[in-house]
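Each chain, letter by letter, is given below.
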Amino acid sequence: MHYKDVIFANEKFSFFANGELYWPSKKTLIISDLHFEKGSFFSESNQYIPPFDTIETLRQLSNFINNHPVEKIIFLGDLIHDKFAFQRMATKSKELFFKILENIDCTLTVGNHDNIRFLKDIGLNLTDKVVIDGICFSHYPSINQTFSVFGHFHPKVKLIINSRGIWVACFVLNTERILMPSYGYYTGGLSIKSTQIKKLFDAQYEIFPLAKEKIYKLSLKK
Amino acid sequence: MIKKGFDVILHAPTGGGKTIGGFMPPIDDFINNNYKSQEFHTLYISPLKALTTDVKRNLLNPINDLKINIKVETRTSDTSTYNKAKQIKKPPNFLMTTPESFALLMARTDVVNLFKNLKFVIIDELHTFFDSKRGHLLSLNVARLRSIKPFQVIGLSATLKNTNLAKKYISNSKNTKLVSTQSKVAPEITILNSRNRIPWSGHSPRYALSEIYSEILKFRSSILFVNTRAQAEILFESLWAINNKNKKIAIHHGSLEKDLRKKVEKEIVEGHVECVVATSSLDLGLDWGNIDLVMQIGAPKGVARLVQRIGRANHTINTPSRAILVPTNCFEYVECIAAKKCVELDFLEDEIYSEGSLDVLAQHIVGVAISQRFKKENLYKQIKEAWPYRNLNIADFEKTLSFVETGGYSLQAYEEYSRLRRDGEYYEIRDKSLVTKYKMNIGTIVEAEMLRLRVGNRYLGNIEEWFISGLSAGDTFIFGGKRLMFEKVIGNIAYAKITALEHQKIPSFKGGNLPLSTHLSKTVRKIFSKRLEAVDLPDSLKKWSELQTKFSSFPKENEFLVETFKRKNGNYEKYYMAVHPFEGRNTHQTLGFLILRRIKKLGVQPFGFVANDYSILFSFSKAIKDIDFLFSQDILIEDLYEWLEETPLIKRLFREIAIISGLIYKNLPGNQKTGKQVTFNTDLIYEVLRKHEPHHILLKITTENAKRDLVDLDRLSTFLFRIKNKIKINKLNRASALAFSLLFEYHKETPDKNELDNFYLEKLENELLEEVNAL
């Protein structure tokens, strides 16, 4: 699996090409915006999107866990797309997800899509934020913390290849913040040039586009 | 014949008054039967919205002259909701409409009552429906309407080769009659003989620009047809640059905003515009009757197409239409000779037809369900009455039906939110909200994602999203004959402003470029095989042909010519292989990819290939010994399936099918303002479907569509079969004249046709010529 190491808050982290953030010294995996059952959500409006997004996301996650020592997972919010996600979820996906919850210490920092009522009592710690060694993990950016790792925006960036633009998901990094890409299969994104993201990364920052199972690094200066 | 109740095809050249002729039986019936009721008597269905208004106008003259009280109206997507509702309450007797608006009428619950006194359905430009998804949709609705109320069909067409096909298409019965009146006056076609040398490559008519201009000056009104929108933009700009006589020249293509197009059309009719540069957007319909000259700039690509275009000039039946062909390179010159010959011998392509596509069927089933509840067996029987669907097997029908119901997934179906509900043997819609979604998404034409282009406070037209996405703020481009500077994109609107800066990019508008027809390619091959000396050629072409004979050879009929040579490229040598199948760009593209894979299997590193309508040029790192192996038929077809699944082209096709079939909705109520209409990335859907549900009906449709449209499998296999044991390999010391043209394109890589590139091309061409002359 392709990755790039970065130093953030004096700690070594790895950005993986599928969108995982790994903290080796803590054996901790951070992933964001999984949006379980986004595909099947649209059946309500008669759009029968193939209902295989959740299983895809979970297989990718299992694959990571099987290949790296992971003792703790932090889901950075928007684990489920809507409150009925678990009702629609296929048995296979549920089994896989609950097996992960059983074996690994999992925490969800609740996001705007997460309905707590449906996430209680499944072996998942629910909280607003997790702070480890002065680094705050949460769904939204924590403005008043020195170091914040967050998701919510599904950042994407336009790469121009052969005079055609293609959009890919990316990590965004500066000295104080890490913005995580969405880990869900069908999730769209917000351009890193949009004002919401720009105002969070106003000085020098780096972006790490994820394209075709590889991760790249682009430095942008203002 | 019509009075006896037969279905009839009226086959007459443009200008022969066939449209009015087609309306005579309905008018006759209307008068004789003293038809008084306010009900639909005749439906006129045309592929072009513009045509409905035009035909209505033309029809009102005789109707008013005869003082008959026939109410004639149009109904298209331009008709206001108010007028549409009025037409249902008090139906006009004659209704002019399009296949889409007709489908919407057919989805009404009162359809039986609405058409209970219908007598005729007229289908105009019949030939455009044989091989298109629109034609599939139309045939399904005609078949359904027939099961409700029998009526007569009158098909109209100016260019029909395969009249049997036309007969079958309009009705499955054997009783269809054909009325054919063909003009005895052959068109006068000439090929422009320029004083300047015809380029060996490229698609620019610049070498003949002043001659084109002086031809325009000779005639009161003219149309210059080009093949792509990019060519239209460039030619329009260059003509204005030399337009010192201030001839009124306009531009017309499908991406321009509707009002702008309508304005141009109106100005042509009124004579305010004297010359229009147009793409296929002006191929069909609209009887102007005052065009004196048609020029075809660039290769004609197909004989029927050329005839259609030439027919735009001089809409009177007894005088010849006048047309001038302007080839833009040497190959095209030969193609023009071939096309001219074919037209003169009235040797037209057979129309091609296609089997009814299942994505269209899925859309149709929703429409049927909205209109009436149905029994499965009855619907199946009715669908098979539509000619394109005559071979539909029950398994495919059931899979399509199940897809419409709940998505058609084997393990995890969307039962809870199904579209259809079963009531005993009947199927009916579950939720009325489906009606709005169906109405908003009807149709079979899925365009690339487009952005509306706004300059100042007006819209100029639509532009491909991928083109805009490759621009940065400050980049300049040409659109609608205007030099623009790109500013920004907000939602689905691209903002730009007028600029005086040079070096524009030209939006290259995918899809404007038709491949050479099989028919024409055969004739071109024949001309080449008989040696070009036999034909009267301009000097620059003679030189080209002499060089080919001197250093290589022209392929004999049924011979497949392969040329290999090497060239120094800076410090290292590149090996090249030029092949000349003359089978059209699509086939060449596919063949190119397949051969590239083969070359790799031989352990040689390929650099890539370029293809045009005539040839393919490969380049690689070392010499290849086993050339026969590269073209062996069995292996190539095997490779084809592997390649097909990986190509990005198939994903584009899947997107179209996902939208037509209703897997995803392009438009949803209240969704227009968000900009991006399709909310899902269909590439991802395609991939996940292939992995988890490889037998899904949509994947089957995609593969079938791809075999036909993407790779033209039939043509490819015919070609591979044809060349078996007929490969002629010429080992050359340098590039031959035929190969040169592709060498240019190879060095051009991205076909940005701006001034800079043309300059570069000319420079390269001169270098190569010097090289040859130095021998």
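As the structure is a computational prediction, the values presented were derived from the model and not from experiment.

Cut-offs and rules
Residues numbered from 1 in each chain as written. Chains lettered and ligands numbered in written order. Predicted model: local features only at pLDDT ≥ 70, side-chain atom pairs only at ≥ 80, totals over all residues. Helix = DSSP H or I, 4+ residues; strand = E, 2+ residues; numbered from the N terminus. Rg over C-alpha atoms; globule rule 2.2 N^0.38 Å. Buried ≥ 20, exposed ≤ 12 C-beta atoms within 10 Å, placed from the backbone. Contact = placed C-beta atoms within 7 Å. Axes fitted to C-alpha atoms, helices over the stretch in contact; angles between N-to-C directions. Parallel < 35°, antiparallel > 145°, perpendicular 65-115°, else oblique. Left-handed = near helix turned anticlockwise from the far one by under 90°. Nonpolar A, V, L, I, M, F, W, Y, C, P; charged D, E, K, R; others polar. Domains from an automatic or database assignment. Pairing = 2+ DSSP bridges. Core = buried A, V, L, I, M, F, W, Y, C linked by C-beta atoms within 7 Å. Right-handed = clockwise from strand over helix to strand, strands pointing away.

Time to look at the overall build of chain A. Along the backbone of chain A there are five helices and 17 strands. Taken against the 2.2 N^0.38 rule, which gives 17 Å for 222 residues, the C-alpha radius of gyration of chain A at 17 Å falls within 12% of a compact globule. For the C-alpha atoms alone, the extent of chain A along its principal axes is close to 45 × 45 × 30 Å. Expressed as a percentage of the 222 residues in chain A, the buried residues total 46%. A sequence separation of at least 24 residues applies to 63% of the contacts in chain A between residues at least 6 apart.

All right, on to the overall build of chain B then. Across its full length, chain B holds 28 helices and 26 strands. For chain B, the proportion of its 775 residues judged to be buried stands at 46%. Here the analysis covers contacts within chain B between residues at least 6 apart in sequence; of these, 75% occur between residues at least 24 apart.

All names here are of chain B. Two elements in contact, helix α1 (residues 18-32) and helix α2 (residues 49-65), have axes whose closest approach is 10 Å; the angle formed by their N-to-C orientations is 60°. For the element pair α1 / α2, the angle class is oblique. Crossing of α1 over α2 shows right-handed handedness. Across the interface between the two elements, Thr19, Ile20 and Phe23 of α1 pack against Val55, Asn58, Leu59 and Pro62 of α2. Of the residues contributing to the contact of α1 with α2, the split by class is five nonpolar, two polar and no charged.

Before going further, it helps to spend a moment on the domain arrangement of chain B. Each assigned domain of chain B is listed here: domain 1 (8-180), domain 2 (450-498) and domain 3 (552-733). One C-alpha centre belongs to domain 1 of chain B, the other to domain 3 of chain B; they are set 41 Å apart.

This paragraph deals with the pairing of strand β1 (residues 3-8) of chain A. Residue and element names in this part refer to chain A. Pairing geometry for β1 and strand β2 (residues 11-16), over six bridges, is antiparallel. The residue bridging Ile7 from the neighbouring strand is Lys12, located in β2. Taken together, β1 and the strand that follows it, β2, pair antiparallel across an intervening segment of two residues, in which Ala9 is found at a positive phi of about 55°.

This part takes up the sheet that holds strand β3 (residues 21-23) of chain A. All names here are of chain A. One open sheet holds the seven strands; their spatial order is β1-β2-β3-β4-β5-β6-β7, and the pairing between them is mixed. Looking at the sheet topology across the chains shown, the edges are occupied by β1 and β7 (125-127). Going across the sheet, the axis of each strand differs from the next one's by a mean of 25°, ignoring polarity.

Taken together, the contact between chain A and chain B spans 21 residues of the former and 24 residues of the latter. Secondary structure elements with two or more residues in the side of chain A that touches chain B: α2 (53-67), β11 (155-161) and β12 (164-173) of chain A.

All names here are of chain B. Residues Leu224, Val276, Val277 and Leu617 are the most contacted members of the largest nonpolar core, which totals 249 residues. Two domains each provide a minimum of three residues to this core, namely domain 1 (8-180) and domain 3 (552-733). One finds Phe467, Phe479, Phe486 and Ala496 within the second-largest nonpolar core, a separate group that totals 14 residues.

Attention shifts here to the pairing of strand β10 (residues 249-252) of chain B. Residues and elements named next belong to chain B. Taking every second residue as pointing to the same face, both faces of β10 are buried, with Ile249 and Ile251 on one and Ala250 and His252 on the other. Two strands pair when backbone bridges link them, and β10 and strand β11 (residues 275-278) are joined in this way by four bridges, in the parallel orientation. In the strand pairing of β11, His252 is matched with Ala278. After leaving β10, the chain enters helix α10 (residues 258-270) and then returns to the sheet as β11, a path that is right-handed.

Turning next to the environment of Ile660(B). Residues and elements named next belong to chain B. The topology assignment puts Ile660 in helix α23 (residues 648-661). When the C-alpha atoms of Ile660 and Ala362 are compared, they prove to be 8.1 Å apart, with 298 residues separating the residues in sequence. Once residues lying within four places of it in the same chain are set aside, the contact partners of Ile660 are Lys133, Asp359, Val360, Gln363, Thr444 and Val446.

This part takes up the sheet that holds strand β2 (residues 42-45) of chain B. Within a sheet, adjacent strands bond to each other through the backbone by hydrogen bonds, running parallel or antiparallel. Residues and elements named next belong to chain B. Reading across the sheet, the seven strands line up as β3-β4-β2-β5-β6-β1-β7 and stay open at both edges, with parallel pairing between neighbours. The outermost strands of the open sheet, each flanked by one partner alone, are β3 (72-75) and β7 (177-180). Looking at each pair of strands side by side, their axes are set apart by 20° on average, direction ignored. In this sheet, strand β4 (residues 94-97) lies alongside β2 in parallel orientation, the contact comprising four bridges. Bridging from a neighbouring strand, Tyr44 pairs with Met96 of β4. In the packing of α2 onto the sheet, the strands contacted are β2, β3 and β4, and the crossing angle to β3 comes to about 180°.

Residues and elements named next belong to chain B. Interaxial distance between helix α6 (residues 133-148) and helix α13 (residues 358-371) falls to 10 Å at its minimum, and their mutual angle equals 35°. Judged by the twist between their axes, the crossing of α6 over α13 is right-handed. In this structure, α6 contributes Lys133, His136, Leu137, Leu140 and Arg144 to the contact, and α13 contributes Val360, His364 and Val368.

Residue and element names in this part refer to chain A. Phi angles above zero are rare outside glycine, and Ala9 is one such case at about 55°. At Asn46, a position not held by glycine, the phi torsion is positive, near 65°. Here Asn46 lies in the loop between α1 (38-41) and α2. With 25 C-beta atoms packed within 10 Å, Asn46 lands in the buried category.

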